[in-house]
Amino acid sequence: MEESVEDAGGTPTLFEICARAVTANMETLEQDVWGLPAVILQGILPLLNIYYLERIEQAAVKKGLSTQSIWRKLWNDVMKCKPSRFGTVTCWRKKFLEAFFHNVLRGILDVSSDRRLSDHRFSPLVHSSRHVSELTICNKQQGVSELTPAVLESLAQSVETLKFLHLRSSDLTTQKSLRSLLHRLIHHGQVNKVSLLSWPSPDTNLLVLILSISAGFWQKHKNSQCVFCLKKPRNGSSEVAQEQRLDSDLLQAACTTNFSGIHSGQSVEEEVSSQSALLSLQPLNINQNVSTNLPECNIAGETQSSVLRVPGNCQTKKVTCRSSSLPSTASESTSIKNLKTGANFQGNFRSEPEDLYDFIFSVSGKEEGKALDISNGYRESANRNPPELAAVHLPDIVAPMEQRRIEMPFLDGAQRLRSVKALNLHNVPLSLSSCRTLCHLLRSWVSLERLTMAYNDLGTNIFLLVEALTALSRCPGCCLSVISMSDFTTYVSTLDLVHIILTMFPSLQLLSLSYDLENHNEKEKSDDSPTEFRENNLKQLEIRFPQDPLHVGLLTSVLKASLSLLELSFDNATFLCQEDLRCVLRTIAEHNTSMRRLSFHDMKLTDAHSEILLLINKLSLEEVKFSFCRLFEKDTSEFLIQFVNSLKRNSSIKILKLCGNRLGNDGLAELADIYSADSLSSIHYLDVSSNCIKPEGLLQFAKKLEGCGKIKLRHLSLSQNLLDRDPMLAQEALQTLEGVCSVFSDSWNSSQAFADHVSVM
């Protein structure tokens, strides 16, 4: 509660009494208050409730007044917590009202508890909704059923990101309200990003609902017509023409593959039939004269033949499938790049477009367990001779067309509307059926620009995802520019996956792959494996590699093909020999000359000193990170001098992170020479965390910096060093550094950390 003057033990002034009287009658005095002189208005602003304070903002700005301090105080008084991203809050008014909306929506804030939060003239949700740019829906979607048309209308104008956090199953009424909210905010609103986070046991119906509407599909319901859908577009509208053309293209692209039997359960709408499929979208008004550039679709339903290559098998087998009333296509079996013939299905992928092979990832729709047995069979066959792989049961791989029907009730009779540009699925495990649903939507999701998938427990379902992305890459208008995937295990060699994705999307801007384990037995590629990548437009490449040694030919090939690379990050990259590592570093220095940010983590760089110096001297890097790379493990003295001299001659590097490299006291003292009078260095951020630095070494470093005069260092990170060995000496060193730069340290207990380390050895 706000503390009044009387509560503080003082006597209110005449101005304060008048100001309180004015604020109590704002319903009739509002326009007059806006016209008051700035000096008077400044005294009234802190007494207004949040509704009038928000409404008076424009008038206050015109008079040169700021309300930021008032909203900041409101946050402290009402929210009673430190906001996330505290240092980056640029508008406390928006920050407060956005949090206020969510707290009221979830029923965790009582507006009657503070006079500044309640006013009979205003609806808290309607008033604050205009400031919500990121709408977060949690748990059982509390409050969604209470959203009035007025609130939805306001949210549709402001919300750009929809975030679902810790979702749980809800009743049918709530799901129906959620369906309307999604439709209004995505199809007729401004939402461009949908994130689903921390959903360990996804509800199939709810997941399909969110994904299908995010992808732009919408079913008209006879009992609840959408007024925006009923509006007739203006004739000649370029936007309408583009949407109709898009619908035609997308339906053609969707015809390229059916996946079998998704168990979707009962729909929210009881009237909706559960036997329709995405490929039977009859309400769409499709132009019969479709462009010949679209993916081929066999609508006629005639018999079709395709060649199937079993992964790891050099033999081919022609399979004939007779289609039913569902459309089929010869291109449904052209999925990803042709795997190199060999004893393991994670073989190399050829780079030539004509080598796309007819491997169908769909399986018979009997039950998920049996479907997964197919990929298990691949693993069990990994060590067999190629002829034996011909025994793989083909009917389990190529299901009859009559069975390959995807049942998605939310898409029954659907029309295609606006779809989002970014999809983020983080810690949302995907079953075989839900993965197929996602993949079926991805095949024609041409508006998608950013796809982020993390810890989805894909397993062998990654092949479905790759096949879907392949189909998407062939769609006219596809604009996917960011792909980020991470999980504990992958069933595809990481570099092969890089090869596939960059072959499909040469215009990709960012590719991030992060895996702990590769579930395959292949250690080396054969000498005749193709390793050439097509040139691409990649700007940022981030890879966390599994433990297996890397195929240096593939890695250098992707680096040579990525001439526009600005940021490169390798984590846990291991090689068969140090010469392979040196080859990779030399390739970077020679071919990636546009590089601005370079990051190596958990890599052994002990024997690559010459190549490290080459990177610093040759590239115009702005940020360099070598963390836990054992950089100064041996030949420290000579290399340190060369390292520091290279940094002194380099004026482009501004951020240097050397955490966890066994720098020690002597190494830290040597780094101080970076800031000597004859140095050209521009490093303003230096991270020397976890480098076994003791208080005496830090003090020596501090005194050397103090003697350099005015230097460019602004931020120094010292966390997790041995400063607790002599607290008083460490304090003296830190005080000396305070006059030079901003220091980040911690109260790390080195003895306890060492004991913990020994206990787990």
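These figures come from a predicted structure and were not determined experimentally. (Residues numbered from 1 in each chain as written. Predicted model: local features only at pLDDT ≥ 70, side-chain atom pairs only at ≥ 80, totals over all residues. Heavy atoms only, no water.)

Caption draft 1: The arrangement of the confidence of the model for the chain in detail. Averaged over every residue, the pLDDT of the chain is 76; residues scoring 70 or more account for 71%. In the model of the chain, helix 15 (residues 394–397) stands out as the element of lowest mean pLDDT, 28, in contrast to strand 8 (residues 422–426), which has the highest, 98. Low confidence marks residues 1–8, where pLDDT is under 50. Its contacts with residues over four positions away, or in another chain, come to 16 contacts. Throughout residues 521–528 the model reports pLDDT below 50, and contacts reaching past four residues in sequence, or to other chains, amount to 17 contacts. (pLDDT = per-residue confidence, 0-100. Helix = DSSP H or I, 4+ residues; strand = E, 2+ residues; numbered from the N terminus. Contact = heavy atoms within 4.5 Å.)

Caption draft 2: Region of interest: the pairing of strand 13 (residues 567–571). Across five bridges, strand 12 (residues 540–544) lies against strand 13 in parallel orientation. Bridge pairing in strand 13 places R544 opposite D571. Tracing the backbone out of strand 12, into helix 19 (residues 552–561) and back to the parallel element strand 13 gives a crossover that is right-handed. Sheet topology note: the strand 13/strand 14 (residues 597–601) ladder contains five bridges and is parallel. Bridged to D571 within strand 14 is H601. Each parallel crossover has a hand, and the one from strand 13 via helix 20 (residues 578–591) to strand 14 is right-handed. (Pairing = 2+ DSSP bridges. Right-handed = clockwise from strand over helix to strand, strands pointing away.)

Caption draft 3: Broad picture of the packing of helix 22 (residues 636–649) against helix 23 (residues 664–671). Contact geometry for helix 22 and helix 23: axes closest at 10 Å, N-to-C directions at 25°. Taken together, helix 22 and helix 23 sit at an angle that is classed as roughly parallel. Once helix 22 is placed against helix 23, the crossing between them reads as right-handed. The residues of helix 23 that touch helix 22, namely those facing L640, I641, F643 and V644, are G667, E670 and L671. (Axes fitted to C-alpha atoms, helices over the stretch in contact; angles between N-to-C directions. Parallel < 35°, antiparallel > 145°, perpendicular 65-115°, else oblique. Left-handed = near helix turned anticlockwise from the far one by under 90°.)

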